[in-house]
Amino acid sequence: MFISFIIPHYNISKQLLTRCIASITRQGIPQEDYEILIIDDGSKELPTWISKIYDGGNLRLIPISHSGPGGARNRGMEEAHGEYIMFVDADDYLMTNGELIPCLEYLKNEKPQILRFRQVVSTNENYPKPKKRIKFTKPVTGAEFMTKNNLPGSPCTY
């Protein structure tokens, strides 16, 4: 298993979660190379409909007691079988025009500890802009990066 997509889920609509899952399955990644873990963080109604729609062996629904998105992500990491993990929030989606494929090729060829990429957000002018952008000029180890920086931005950009 190459990559595990971890989706923390808490009371998100069926429409948004379906869009999120579909954006992953439409990336063109061979099914044997990825898994999708939906970590339900104590939703009022467990999204059991997922198993009826996505009956492939690479999607798992894992219910946990409510512990917040960090707890859901941590549980996802414990359950993941992939060499790499990627967090995707249940109300977000991946662009489906092949932009993830070069990232995966880079992971396969270079084997970095962390890969950061750009996140596309709403074009709403009220959306807060990042205050500091880190420029990467060459690959560094995760430990080397962390001695000089915090991990800025969303966990969904790594």
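Note that the structure is predicted; figures quoted are calculated from it, not measured.

Here is what the cut-offs are and how they apply
- Residues numbered from 1 in each chain as written.
- Predicted model: local features only at pLDDT ≥ 70, side-chain atom pairs only at ≥ 80, totals over all residues.
- Heavy atoms only, no water.
- Salt bridge = Lys/Arg side-chain N within 4 Å of Asp/Glu carboxyl O.
- Helix = DSSP H or I, 4+ residues; strand = E, 2+ residues; numbered from the N terminus.
- Buried < 20%, exposed > 50% of the residue type's maximum accessible area, 1.4 Å probe, protein only.

**Q** How should I be thinking about the pattern of salt bridges in this particular structure?
**A** Side chains that carry opposite charge are capable of pairing whenever their charged atoms lie near each other. For the coordinates displayed, the defined rule picks out 5 salt bridges. Note that Glu-35 and Arg-60 form a salt bridge whose closest N and O atoms lie 3.0 Å from each other. One end of the pair, Glu-35, is in strand 2 (residues 34-41); the other, Arg-60, is in strand 3 (residues 59-64), and 25 residues separate them in sequence. Residue Glu-35 is classed as buried on the basis of its relative accessible area of 4%. Using a relative accessible area of 26% as the deciding quantity, one classes Arg-60 as partly exposed. Between Arg-73 and Asp-89 there is a salt bridge, and its shortest N-O distance comes to 2.7 Å. Taken together, the residues Arg-73 in helix 3 (residues 68-79) and Asp-89 in the loop between strand 4 (84-87) and helix 4 (100-110) connect sequence positions 16 residues apart. Look at Arg-73 and you get buried, because its relative accessible area is 13%.

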